[in-house]
Amino acid sequence: MPEKVGSPGTGMVYSRKDSGKEEFMSVKRAKKRNIGWILLAIILILIILAGGLILYDYFTTDETDVKVPVAAFTGEPLSLSEVSWNTPVAGGLLTKAYAETYDSFKLLGTYETAELPLEIPSGLEGMLSLTLEDEIIFAGTTAEYEDFVFTKSGQYTGVLTLVVPESKKEPWGQFTYDFGFAIDGDPTFEFTTDQALQGDLVTVFVDMGIQPGEPTIATDLGTPSFVSLGEDIYEAYIPINYNCEPGSWAVTVSAGEHSFTQNIHVSEREYSVQRLTMPQSTISATVGASNANEDWEEKMTPLLFTADPEKYWEGEFLQPCQGRISSKFGLYRYTNDNPVVRHTGIDIACPQGTPIAAPNHGKVIFADSVVKTGYTIVIEHGGGLKTHYYHMSELLVKEGDMVEKGDIIALVGTTGYSTGPHLHFEVKLGEASLSPWELFDGTSPLFREN
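Worth saying up front: this structure is predicted, and the values here are computed from it rather than measured. (Residues numbered from 1 in each chain as written. Predicted model: local features only at pLDDT ≥ 70, side-chain atom pairs only at ≥ 80, totals over all residues. Heavy atoms only, no water.)

Caption draft 1: Here's a closer look at the overall build of the chain. Helix and strand content of the chain: five helices and 34 strands. The buried share of the chain, taken over its 450 residues, is 43%. Pairs at least 24 apart in sequence give 66% of the contacts found in the chain among residues at least 6 apart. Taken as a whole, the chain presents about 24,100 Å² of accessible surface, with 53% of it coming from carbon and sulfur. (Helix = DSSP H or I, 4+ residues; strand = E, 2+ residues; numbered from the N terminus. Buried < 20%, exposed > 50% of the residue type's maximum accessible area, 1.4 Å probe, protein only. Contact = heavy atoms within 4.5 Å. Areas by Shrake-Rupley, 256 points an atom, 1.4 Å probe, with all protein chains shown as cover.)

Caption draft 2: Focus on the sheet that holds strand E8 (residues 118-119). Reading across from one edge, E4-E3-E8 is the order of the three strands in this open sheet, with antiparallel pairing throughout. Of all strands in the sheet, those bounded by a partner on one side alone are strand E4 (76-77) and E8. Where strand E3 (residues 72-73) lies against E4, two bridges are found, and the strand directions are antiparallel. Bridge pairing links alanine 72 to proline 77 in E4. (Pairing = 2+ DSSP bridges.)

Caption draft 3: A look at the packing of aromatic side chains. For the structure on display, the rule yields 25 aromatic pairs. Ring geometry for tyrosine 271 versus phenylalanine 329: centroids 6.0 Å apart, planes at 65°, classification edge-to-face. Of this pair, tyrosine 271 sits in the loop between strand E20 (258-267) and strand E21 (273-276) while phenylalanine 329 sits in the loop between strand E22 (324-327) and strand E23 (332-335), and the two are 58 residues apart along the sequence. Residues tyrosine 271 and phenylalanine 329 agree in their burial class; the two are buried. Three or more aromatic residues joined by ring pairs form one cluster here, namely Phe73, Phe138, Tyr145, Phe148, Phe150, Tyr156, Phe179 and Phe181. Its guanidinium or amino end placed over the ring of tyrosine 271, arginine 342 lies 4.8 Å from that ring's centre, counting from NZ or CZ. Positioned over the ring face of tyrosine 332 is arginine 342, at 4.0 Å from the centre of the ring. (Phe/Tyr/Trp six-rings, centres within 6.5 Å; stacked < 30°, edge-to-face > 60°. Lys NZ or Arg CZ within 6 Å of the ring centre and 35° of its normal.)

Caption draft 4: Summary view of the pattern of salt bridges. Taken as a whole and assessed by the stated rule, the structure comprises 11 salt bridges. Its salt-bridge partner being lysine 152, residue glutamate 135 comes within 3.5 Å of it at the nearest N-O pair. On the criterion of sequence distance, the pair formed by glutamate 135 in strand E10 (residues 135-141) and lysine 152 in the loop between helix H2 (142-145) and strand E11 (154-164) is long-range, its members being 17 residues apart. With a relative accessible area of 40%, glutamate 135 lands in the partly exposed category. Lysine 398 is the partner of aspartate 401 in a salt bridge, and the nearest nitrogen-oxygen pair spans 3.1 Å. Its relative accessible area of 55% is what places lysine 398 among the exposed residues. Salt bridges here are not isolated pairs; linked through shared partners, they connect Asp200, Arg269 and Glu438. (Salt bridge = Lys/Arg side-chain N within 4 Å of Asp/Glu carboxyl O.)

Caption draft 5: Seen up close, a nonpolar patch on the surface. There is a patch of nonpolar side chains on the surface, built from Ile35, Ile38, Leu39, Ile42 and Leu46 and spanning about 470 Å² of accessible area. Residue position: leucine 46 is located in helix H1 (residues 16-60). (Patch = residues over 30% accessible without salt bridge, like charges linked within 9 Å, V, L, I, M, F, W, Y side chains within 5 Å.)

Caption draft 6: Structural context of the pairing of E23. Covered by surrounding structure in E23 are Arg333 and Thr335 only, the residues Tyr332 and Tyr334 on the alternate face being uncovered. By the bridge criterion, four bridges tie E21 to E23 in an arrangement that is parallel. Residue pairing for E23: valine 273 is matched across the bridge by tyrosine 332. Bridging between E23 and strand E24 (residues 341-342) involves two bridges; their strand directions are antiparallel. Within E24, the residue paired with tyrosine 332 across the bridge is arginine 342. Hairpin geometry of E23 and E24 is characterised by an intervening segment of five residues between the two adjacent antiparallel strands and by a positive phi of about 55° at asparagine 336.

Caption draft 7: Up close: a negative patch on the surface. Taken together, the side chains of Glu112, Asp184, Asp186, Asp207, Glu231 and Asp232 present a region of like negative charge at the surface. Within the fold, aspartate 207 resides in strand E15 (residues 201-207). A relative accessible area of 30% places aspartate 207 in the partly exposed class. (Lys, Arg positive; Asp, Glu negative; His and termini not counted. Charge placed at Lys NZ, Arg CZ, Asp CG, Glu CD.)

Caption draft 8: Summary view of the environment of glutamate 314. Counting through the fold element by element, glutamate 314 comes out in the loop between helix H4 (292-299) and E22. The spacing of glutamate 314 and lysine 405 is 91 residues in sequence and 8.6 Å in space, taken between C-alpha atoms.

Caption draft 9: View of the sheet that holds E15. Reading across the sheet, the four strands line up as E13-E15-E18-E17 and stay open at both edges, with antiparallel pairing between neighbours. Edge strands, defined here as strands with exactly one partner in the open sheet, are strand E13 (188-191) and strand E17 (226-230). On average, adjacent strands in this sheet sit at an angle of 25° to one another, irrespective of strand direction. (Axes fitted to C-alpha atoms, helices over the stretch in contact; angles between N-to-C directions.)

Below is the structure:
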């Protein structure tokens, strides 16, 4: 039997076996409590160590260790004006921020082009704004700027912001660059002269600068059109008809938002008088034929309103053949004492079959027989400037042929309205008839002085 033991003052009796069990349980509970405290202590130590490591990482991280992206505008490196930088700490649990502003506005040069390149490191996103005299000219992404074209001159300011995307593992932030530059891209207009004789050609040159498109021209003198000389340079030929009224004539040239008006003062040219006798049979078979006017309107009139946009001619023009000038340019002609008719070209009397040379480079736009003028050729030299050849005996070129200065294009004859072998040579631009002499000797306002 187990030994009985009592609890003094309680009247309760325990066995020694129960007492031992209670002591065992008490010890066990004490051990558990000790282990809990130990684990808690370990956890606290770990937390303190981790916190210490985080703090150490935080305070030892150099937030100013920033790799500034190299950005360039028109090939010129830009200077950083502001940085806002964030460096992840402890795997992204914390972020160490850095910000700095610099007095580094960079003034670039002056440019004369409509497209100015911007270079930024690949993989970066960016925003760009450009301002001209308090007006925002461009605001958008750097990718959108690739298609931007300047159309205004002046002093610009630019603000470029490059963004490194936010990350938990890698530093991130944004960089700002302030800079300025100027564009001198206004168009320029140049006339070869502001004085002209009846029958002259005046040339206008236009440098478009940064203006888009092509120039236009308006004048009551005629219908000039521009030819491109490349690199946004254009020229147009303004005709002064042989019978243009003397006085001041306005020519207005426009390039984009800009325009320029030049007054051309036209003076009289002296013209002679000629009296000519023509057999009635020749008249009846040519200019007096029932189909003469219809034939002319069908074949020749449409050519007056065409113009090639390419310049073919170069330098002075050649006289197409040598011989006596039997009829001068612009003379007052009386035929069989009929009312006066103006002669719009020159007649060069030559033996039958004399070779006729192209006076300059050009394209043959007509080579056929015409009732009034017999075998006829028209050459386009560019910009609507044309030369006409009448009364030939034989044609040696065809429509569409390209000819060089000096190429033989036909032979002198006496076909059409003609009294004998000769070449009627005429210079035209639109409906205007022009003097050839200044084209031959290089004194025409067509030519630009170097």
